[in-house]
Amino acid sequence: MRLCRVRNESGIRKEPHVRATGGTSSFPPDVRGYWRSVLSLYFFSHAEASEKKTKDTAVRMRTSGAFSPHEGRLKTSPGGPRPPGFVFGDGTDGSADGGSQGFMERLNDRLNDETYMRLALRMAAETTGQTGVNPAVGCVVVKDGRIVGLGAHLKRGEPHAEVHALNMAGERAEGATVYVTLEPCAHHGRTPPCCDRLIEAKVARVVVASVDPNPAVCGKGIARLREAGIEVVTGLLEGEERRLNAAYRKYIATRMPYVTLKIALTLDGRIATRTGDSRWVTGPEAREAVHVLRHRHQAIMVGVSTVLADDPELTARLPVPAMQPVRVVADSRLRVPETARIFDGRTPAVVLTTEQADPARADRLRRLGAEVLVCGPGPRVDLHLAMRRLGEREIASVLLEGGGQLGGAMLKAGLVDQVKLFYAPKLAGEDGIPAFAFAGPERMADALRLKDIEIERVGGDWCVTGVPAREGET
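Procedures and definitions
- Residues numbered from 1 in each chain as written.
- Predicted model: local features only at pLDDT ≥ 70, side-chain atom pairs only at ≥ 80, totals over all residues.
- Heavy atoms only, no water.
- Buried < 20%, exposed > 50% of the residue type's maximum accessible area, 1.4 Å probe, protein only.
- Helix = DSSP H or I, 4+ residues; strand = E, 2+ residues; numbered from the N terminus.
- Arc of directions from axis to C-beta.
- Contact = heavy atoms within 4.5 Å.
- Polar contact = N/O pair within 3.5 Å; in protein donor to acceptor, adjacent residues only side chain to side chain.
- Pairing = 2+ DSSP bridges.

Chemist: So what about helix 12 (residues 359-367)? Which residues, and what values?
Modeler: Along helix 12, the positions that sit buried rather than exposed are Arg361, Ala362 and Leu365. End-on view of helix 12: buried residues confined to an arc of 100 degrees, all on one side of the axis. Exposed residues lying more than 90 degrees from the buried face of helix 12 are Pro359 and Arg367. Residues of helix 12 that are buried sit in contact with strand 12 (349-353) and strand 13 (371-374). For helix 12, the capping residue at the N-terminal end is Asp358, with a side-chain oxygen 3.1 Å from the backbone nitrogen of Ala360.

Chemist: Mind laying out the pairing of strand 15 (residues 418-424), listing which residues take part and the relevant values?
Modeler: In terms of residue burial, strand 15 counts as a mostly covered element, since 6 of its 7 residues are buried. Across 5 bridges, strand 15 lies against strand 18 (residues 461-468) in antiparallel orientation. Across the sheet, Phe422 pairs through a bridge with Cys463, a residue of strand 18.

Chemist: So what about the environment of Val259? Which residues, and what values?
Modeler: Residue placement: Val259 occurs in strand 8 (residues 258-266). When the C-alpha positions of Val259 and Val416 are compared, they lie 5.1 Å apart, and in sequence the two are 157 residues distant. With sequence-adjacent residues up to four places away left out, Val259 is seen in contact with Met387, Val398, Leu400, Met410, Leu415, Val416, Asp417 and Gln418.

Chemist: Give me the lowdown on the environment of Met387, citing residues and values where you can.
Modeler: As for its placement among the helices and strands, Met387 is situated in helix 13 (residues 383-392). We classify Met387 as buried; its relative accessible area is 1%. Filtering out sequence-adjacent residues up to four positions away, Met387 remains in contact with Met256, Pro257, Val259, Met301, Met410 and Leu415.

Read these as layout, nothing more, since geometry by itself doesn't imply function.
Written out as structure tokens, the structure is:
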């Protein structure tokens, strides 16, 4: 295993704070913090570009007081947001305690296509979860060495990132270079083609991170731009865009949601004590991180046993307003109580059940506003069919927070795309409730493997993120 760099970052938004010191700056703390935020967002490429990438499965160690749901998310701390692992020329991190001189020296280290593309990717990442089944896309317009336009796709059915950036650039877009994280669309959907806007603006060059996998676009946008005499460069930081839009890519290819399995557990693999008590396994930072994950997924899914035991709200609760996921419960016999908090009407509720469920009870749940979907004859919910049903409702991402049985069943069915294990430094003992309740293999060589492992410090806990390896993968 290669030893990888320790990186600092945070995914939890807090108000920027600057400590007043005996420095020479005449700006008040809030102004200093603001400009550090702006400049660090723009010039963050050096540290990440200089970090060597492994060709094999790598373990990235990152320490933080909070969790980053997405690679490269900015850290918010004294002095305003800063890029992960960003260390300035004088060895400081550019906080209000010092390092401003090193910060300014670092600004001149590197400025190239990757710099601007990383800025576009960062803007796209910040919109994750709010574009529905559409991809998260960022765009930067640069003319004569100046950024003249910035944009991100903010909501399905509304203008795309390129349009926002071109609107900001105005006449300055003529002869400019446009950096966009995903191929500009070339078809009439809910909005006009972005290619036409780029051609009308007379841009000189377009740099694209990745080709759009949508068959309505795939390669057509790039071809149209080239036919119009615009230089097009593709493939810059493509891997980062593909990771960013993994849910979109799966949905386009399969019409099924991308499923992230999240579990909070002790070091000995328990999600609760022998009495069933699980409040709380992890600390407040990890719990807040989970609410960020809820904010960034279209749906949150649990089993009926979780509802019976905890009566959870299944909402995203953050220091700032959050987007609320659709609440999904797998319940083969409709045992979920009609008084459960998931039926409070604040956000949609979906109950996945079977043909063996009581039709009269299903009708009562529907009158409460829930959507009851029959998924197979029983006795258990057909999970493959359930995911297809959710996909038909244009749910492209699901955060799976069910107990050991549902999580294990989804893993065995090959329906989990990513695993996030929040480990607390605790031991619950052999009588505690295990995190995974499924029959394991006879041979260790046949155990389910995770690849693309990342490990991150989250307050006093640790998050291990990985992707289940499919058959034949290592």
